[in-house]
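Now for the letters of each chain:
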Amino acid sequence: MYERYVMADRQLGAGMFQVNDDDEIHAFNRQWVFFSVALLANMVDRLVGLLGPVAKRQIYEAGFSSGKIAGDRMRQYFGGGIDQIKQHLDLIKNMGWGRVKDIQYDQSSGKIVIDFHRTWEAAGFGEVHPGEKQKAATCILCAGLYAGAASGAFEKTYEAEEVLCVSKGDPVCRFEFTPAGEIKKVLK
Ligand SMILES: [Zn+2]
């Protein structure tokens, strides 16, 4: 006899995600699936373990191109700019992908700083490596995804760096987003 797990009485993604007649999940004219955080953290961890910084850059770019699609498609719903970023983050929260603690935006430089209580990627690393502190920030896919989302929202290329990470023992996962060309950044 299986115990049935029922989600809280809340619609997924504030009703923006719909299950169609083929039992596929769709939102923003795209199909979606849901993975455990451990699966994605395991993939990232194994690729980085095997290939080091090369894998980090590729995982970041994979996140970026996916996030860019989201950011581009959301402009018609959320209107672009920092308001879109805020609505996107609300959507992320509503999907259970992580709650934001703080967001700062400097209009003159275009710089955005976002603190997550803990990203799903850090949660996944915590499951894969219980009780271990990582030397470097682990939320590579998130960094790419949100840089891509910001690039779509602002229609200019953003780069992300995770400067604090729960996986390292920091209190939050903090991402700094800078318009490309403003600073030179290296993934450690
Ligand atoms: Zn992190």
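In this report, we go over the structure that sits alongside the text. (Residues numbered from 1 in each chain as written. Predicted model: local features only at pLDDT ≥ 70, side-chain atom pairs only at ≥ 80, totals over all residues. Heavy atoms only, no water.)

### Comments concerning the nonpolar core
Membership of the largest hydrophobic core comes to 33 residues, with the highest contact counts inside it found for I85, I112, F116, F175 and F177. Among the elements of the structure, α1 (37-51), α2 (53-78), α3 (81-94), β5 (112-116), α4 (120-128), α5 (140-154), β6 (158-164) and β7 (173-179) are those that each provide at least two residues to this core. Considering each element in turn, this core owes the most residues, nine residues, to α5. The next biggest cluster of nonpolar side chains, apart from the first, holds nine residues, and it includes F17, A27, M74 and M95. (Core = buried A, V, L, I, M, F, W, Y, C linked by side-chain atoms within 4.5 Å. Buried < 20%, exposed > 50% of the residue type's maximum accessible area, 1.4 Å probe, protein only. Helix = DSSP H or I, 4+ residues; strand = E, 2+ residues; numbered from the N terminus.)

### Considering the coordination of the zinc ion
The protein atoms donating to the zinc ion are C139 (SG), E162 (OE), C165 (SG) and C173 (SG), with metal-donor distances spanning 2.0 to 2.3 Å. Coordination at the zinc ion is tetrahedral: its four donor atoms span angles of 101 to 117 degrees at the metal. Ordering the donors of the zinc ion by residue number gives the pattern C-x22-E-x2-C-x7-C. With a gap of 34 residues between them, C139 in the loop between α4 and α5 and C173 in strand β7 connect regions that are remote in the sequence. Across the pair, exposure class does not vary: C139 and C173 are buried alike. (Donors = N, O, S within 2.8 Å, 3.2 Å for Na, K, Ca; no water. Tetrahedral: all angles 85-135°; square planar, octahedral: opposite > 155°, others 65-115°.)

### Let's talk about α2
Between the first and last C-alpha of α2 there are 35 Å, a value that for 26 residues agrees with the 38 Å anticipated at 1.5 Å per step. Within the sequence span of α2, burial applies to A55, K56, I59, Y60, G63, F64, G67, A70, G71, M74 and F78. Buried-residue contacts for α2 involve β3 (30-32), α1, α3, α5 and β6. Taken from the residues just after α2, G79 is the one with a positive phi, measuring 80 degrees. (Expected span 1.5 Å × (residues − 1). Contact = heavy atoms within 4.5 Å.)

### With respect to the sheet that holds β6
On the basis of which strands lie adjacent, the open sheet formed by four strands has the order β4-β5-β7-β6 and antiparallel pairing. Edge positions in the sheet fall to β4 (100-105) and β6, since each has one partner strand and no second. Neighbour to neighbour, the strand axes of the sheet diverge by 15 degrees on average, direction disregarded. Relative to β7, β5 is paired through five bridges, and the arrangement is antiparallel. Considered in β7, the bridge of I114 is made with F175. Docked against the sheet, α5 engages β4, β5, β6 and β7, running at close to 140 degrees with respect to β6. (Pairing = 2+ DSSP bridges. Axes fitted to C-alpha atoms, helices over the stretch in contact; angles between N-to-C directions.)

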